[in-house]
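What follows is the residue order along each chain.
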Amino acid sequence: MNETELMVLPLVVRIERAAPPERTDALEAAAMAVLSLLDDPGEWAAELRAWQSTGKIRKVVRRARGAEWRRAAALPGRTIEHRTAEVRVHPPVPLDAWPKDLARLQVGGTELGDTAEPGDPPGPPVLWENPKLTMSAGKAMAQAGHAAQLAWWASDEAERAAWRADGLAVSVRAAPDRDDFDAKVAAGLPVVRDAGFTEIEPGSCTFVAEAPWLLGRVARS
C-alpha cells in the first residue's frame, strides 16, 4: 500500500425512517467509533497506520437504513451503539476505492435533531461545537471524530488508560456562545480546523476538545 495515497475513514450512521437517532447521540457515537479504532485497530493496523501517515485524517459519513445498513454491517468494521445511535466505522480505504456497498450510500444532507436540549456534560472529555457554524449532522459527525482523534493524540498513555477504563466516553455539546468557544480555541486545547472540502470555509474552527489533562497541550492560537 502506498502510504502517501490519500485515504479516508468511512463512517456509516444508521438512520431508519421511523426511528432516527438523536443528533447528539450520533455525534458522540461517531467520536467513540473513531476512538475505538485508534485504541484497538486489530486486524486493520496497517490500514490505520497508512491513513494516519498521510497527515490528512479525512473522514466521510454516509447514512444507511434497512437492507443498506445490513450490507454495510456485513463488511469489515465495528459498530458502536450509543443510546439512540448506531454508527459503524470501517477500516480506512483509498479515496477512490470504496467498497461498492459503502460507495452507493448517500453522503450529503444527513440531517438530525435533538428532541430535547442535551443536559450538562457528565464529564470530560467534552467536544465543543462552534455555535456560529451551520453544519449538517453528517459533517458535524466527521468533525467530532476529528476532535476525538486530536484529543487522543494529545493524551499520554496513562491518560489514555483512564479514558479506556471509562469506555472511551465523550460528550458533545454546542459551546454556549462564540466568546466561550474562542476562549477554548486560545487555551492550548486540541482544535479542529476544517480543510474546507464541504459546507464551510477552509480553516474554520469547528470543534475544540476539552479535558483537564489537555489544557496547554497544543500551541496556542
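About the thresholds
Residues numbered from 1 in each chain as written. Predicted model: local features only at pLDDT ≥ 70, side-chain atom pairs only at ≥ 80, totals over all residues. Heavy atoms only, no water. Helix = DSSP H or I, 4+ residues; strand = E, 2+ residues; numbered from the N terminus. Salt bridge = Lys/Arg side-chain N within 4 Å of Asp/Glu carboxyl O. Buried < 20%, exposed > 50% of the residue type's maximum accessible area, 1.4 Å probe, protein only. 1 Å grid on protein atoms, 1.4 Å probe; cavity = no way out; pocket = protein on both sides within 12 Å on 5 of 7 lines; lining within 4 Å. Points joined across faces, edges and corners; volume = space filled by probe spheres on them. Nonpolar A, V, L, I, M, F, W, Y, C, P; charged D, E, K, R; others polar.

Our next topic: unusual backbone geometry. Negative phi is the rule for most residues except glycine; trans is the rule for most peptide bonds. The linkage connecting Pro124 with the following residue, Pro125, adopts the cis geometry, with an omega of 0 degrees. Relative to the assigned elements, Pro125 resides in the loop between helix 4 (100-103) and strand 6 (126-129). Of note, Arg83 is a non-glycine position whose phi angle comes to about 50 degrees, a positive value. By secondary structure assignment, the location of Arg83 is in the loop between strand 3 (78-82) and strand 4 (85-89).

Attention now goes to the pattern of salt bridges. What the rule picks out here adds up to 15 salt bridges. Where Arg83 meets Asp25, a salt bridge forms, and the shortest distance between an N and an O atom there is 2.9 Å. Here Asp25 lies in helix 1 (residues 23-39) and Arg83 lies in the loop between strand 3 and strand 4, a separation of 58 residues in the sequence. For Asp182, the salt bridge is made with Arg178, and the minimal N-O distance between the two is 2.8 Å. Placement of both Asp182 and Arg178 in helix 7 (residues 178-185) is noted, with a separation of 4 residues, approximately one turn of the helix. On the basis of relative accessible area, Asp182 is assigned to the partly exposed category, the value being 33%. Overall, Arg178 belongs to the partly exposed group, its relative accessible area being 36%. What you see here is one network of salt bridges that share partners, running through Asp25, Glu28, Arg83 and Arg173.

A few words on the layout of surface pockets. Of the volumes computed, that of the largest pocket is approximately 670 Å³. Taken together, 31 residues form the lining of the largest pocket, with Arg58, Lys59, His146, Asp194 and Phe197 sitting closest to its centre. Elements represented by at least two residues in the lining of the largest pocket include exactly strand 2 (59-64), helix 5 (137-154) and strand 8 (191-193). The element best represented in the lining of the largest pocket is helix 5, accounting for 7 residues. For the lining of the largest pocket, the residue count by class is 14 nonpolar, 9 polar and 8 charged. Looking at the second largest pocket, its volume works out to about 280 Å³. As for the second largest pocket, its lining consists of 14 residues, and the residues nearest its centre are Thr24, Glu117, Pro118, Arg173 and Ala174. Its residues assigned to classes, the lining of the second largest pocket comprises 6 nonpolar, 2 polar and 6 charged.

Any functional reading would require information that these geometric values do not contain.
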